[in-house]
Amino acid sequence: MFGMNPFDNPGGTFKTQYRCYSVSMLPGNERQDVERGGKIIMPPSALDRLTRLNIVYPMLFKLTNKKTDRMTHCGVLEFVADEGKIYLPYWMMRNLLLEEGGMVHVESAALAVATYSKFRPQSSDFLDITNPKAVLENALRSFACLTTNDVVAIRYNKKDYELQVLETKPGKAVSIIECDMSVEFASPVGYKEPEHRPAPQSQPEEMAVDAADYQDNSLFVPFHGSGHRLDGKKKGTEVKALHSHNIPIKRGIPNYDYKKGRITFIRAPKPVEKVTDDAGSENMFEAFSGAGQPLRRKGGKGKK
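So, here's what we can say about the structure.

### Brief notes about helix H2 (residues 44-52)
- Buried within H2 are the following residues: Ser45, Ala46, Arg49 and Leu50. Across the axial projection of H2, the buried residues extend over an arc of 135°, all falling on one side. Exposed and oriented more than 90 degrees from the buried face of H2 are Thr51 and Arg52.
- Where H2 is buried, its residues touch strand S1 (15-22) and strand S3 (60-65).

Written as structure tokens, this is what we have:
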């Protein structure tokens, strides 16, 4: 049996060694509540010794693997283990680099109450959680303390997530029982921020305005068409197109009553009044505006 005589510690410090096993080796039904938290199961003799010592509540312990010089902190859940054995969550054994049946040194500890902690998810899948702080707060209810550089495991929505404890305040090991602790998250391992490349700024090109786009084909163009010969030939019947600058350009009329968010369908556009001076109207060409001259004189035939 591993342990020490309680009278060897007159100062009231609990120190002893146990063989450690994972929770899956615990006799009886499967204990998922132990696996998902940060507390261990100790033998009944440990409770008897702790009651004889001046131990500060809640009972917190420092676990040390002296072979690898790795240590962590934990609480105790029950005192039902076999004598000389303790049962630890698997993630805690992995942090201590312990194998099944390995020796671990257990020492009682008094830790300060936590005020701040920072975690780094070990997978970018943790970003899929909608409210990670609420999920972590609910999972930490099964923990008694946190130690810097530990990698704790939590379970959410039937999936396990691992988080490394990057920083704790006011010390490297803190108690999280009945505390008001602010929590922050670092970027997950392997996560890369998306690169925001600015869109290339292209110089605005000047729009080439063609007067033909504003041409109204409904206007009358004199002598515009092709001629027809009596012999059926097309030679010499082509007519040169008139220059577009000789044709008046009709431009669109802006809707001054436009309001944002309203669509107006103009079914009958208002006619545009043409304002011309007298001099311009006299010089403007009008087709078939001349006076006709009959071949016969009025008054009938002359008398012989």
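Let us keep going from here.
### Describing the side chain of Asp150
- Within the element layout of this structure, Asp150 appears in the loop between strand S9 (145-147) and strand S10 (151-156).
- Buried Asp150, no salt bridge; nearest opposite-charge side chain is Arg70, N-O distance 6.1 Å.
- Ignoring sequence-local partners within four residues, the contact set of Asp150 consists of Met71, Thr72, Asn95, Leu163, Gln164 and Val165.

### Thoughts on unusual backbone geometry
- With an omega dihedral of 15°, the bond running from Lys169 to Pro170 counts as a cis peptide bond.
- Although it is not a glycine, Asp69 sits at a positive phi angle of roughly 60°.
- Mapped onto the elements, Asp69 comes out in the loop between S3 and strand S4 (70-78).
- Its relative accessible area of 67% is what places Asp69 among the exposed residues.
- Even without glycine at this site, Lys158 takes up a positive phi of about 65°.
- By secondary structure assignment, the location of Lys158 is in the loop between S10 and strand S11 (159-169).
- Given a relative accessible area of 75%, Lys158 falls into the exposed group.

### Focus: the side chain of Thr148
- Take Thr148: it is sitting in the loop between S9 and S10.
- Residue classification places Thr148 among the buried positions, given a relative accessible area of 19%.
- When neighbours within four sequence positions are excluded, Thr148 is seen to be in contact with Val165, Leu166, Glu167, Thr168, Gly171 and Lys172.

### Brief notes about the sheet that holds S11
- Here four strands make up an open sheet; going across it, the order is S10-S11-S8-S13 and the pairing mixed. A single partner strand is all that each edge strand has here, and the edge strands are S10 and strand S13 (182-185). Averaged over all pairs of adjacent strands, the angle between strand axes in this sheet comes to 35°, irrespective of strand direction.
- Inspection of the sheet shows strand S8 (residues 116-121) paired to S13 by four bridges, in the parallel sense. Within S13, the position partnered with Tyr116 by the bridge is Ser182.
- Packed onto the sheet, helix H4 (residues 132-139) meets S8, S10 and S13 and runs at close to 125° relative to S13.

### Side note on the pairing of S11
- Bridging between S8 and S11 involves six bridges; their strand directions are antiparallel. Following the sheet pairing, Tyr116 is matched in S11 by Lys169.
- Count of turn residues in the S10/S11 antiparallel hairpin: two residues, of which Asn157 carries a positive phi of about 55°.

### Side note on the sheet that holds S9
- One open sheet accounts for three strands, arranged S7-S12-S9; its pairing is mixed. If you trace the sheet from one side to the other, it starts and ends with strand S7 (112-113) and S9, each paired once.
- Where S7 meets strand S12 (residues 173-175), two bridges bridge the pair, whose relative direction is parallel. If you follow Ala112 over to S12, its bridge partner there is Val174.

### A short note on the nonpolar core
- Ranked by internal contacts, the top residues of the largest apolar core, which has 44 residues, are Phe14, Met42, Phe61, Leu63, Leu88 and Val106.
- The residues contacting Leu63, other than those within four sequence positions of it, are Ile40, Arg70, Met71, Thr72, Cys74, Leu88, Met92, Leu96, Val104, His105 and Val106.
- Of all hydrophobic cores here, the second largest spans seven residues; its members include Val23, Leu26, Ile41 and Ala81.

What counts, and where the lines are drawn
- Residues numbered from 1 in each chain as written.
- Predicted model: local features only at pLDDT ≥ 70, side-chain atom pairs only at ≥ 80, totals over all residues.
- Heavy atoms only, no water.
- Buried < 20%, exposed > 50% of the residue type's maximum accessible area, 1.4 Å probe, protein only.
- Helix = DSSP H or I, 4+ residues; strand = E, 2+ residues; numbered from the N terminus.
- Arc of directions from axis to C-beta.
- Contact = heavy atoms within 4.5 Å.
- Lys, Arg positive; Asp, Glu negative; His and termini not counted.
- Salt bridge = Lys/Arg side-chain N within 4 Å of Asp/Glu carboxyl O.
- Pairing = 2+ DSSP bridges.
- Axes fitted to C-alpha atoms, helices over the stretch in contact; angles between N-to-C directions.
- Core = buried A, V, L, I, M, F, W, Y, C linked by side-chain atoms within 4.5 Å.

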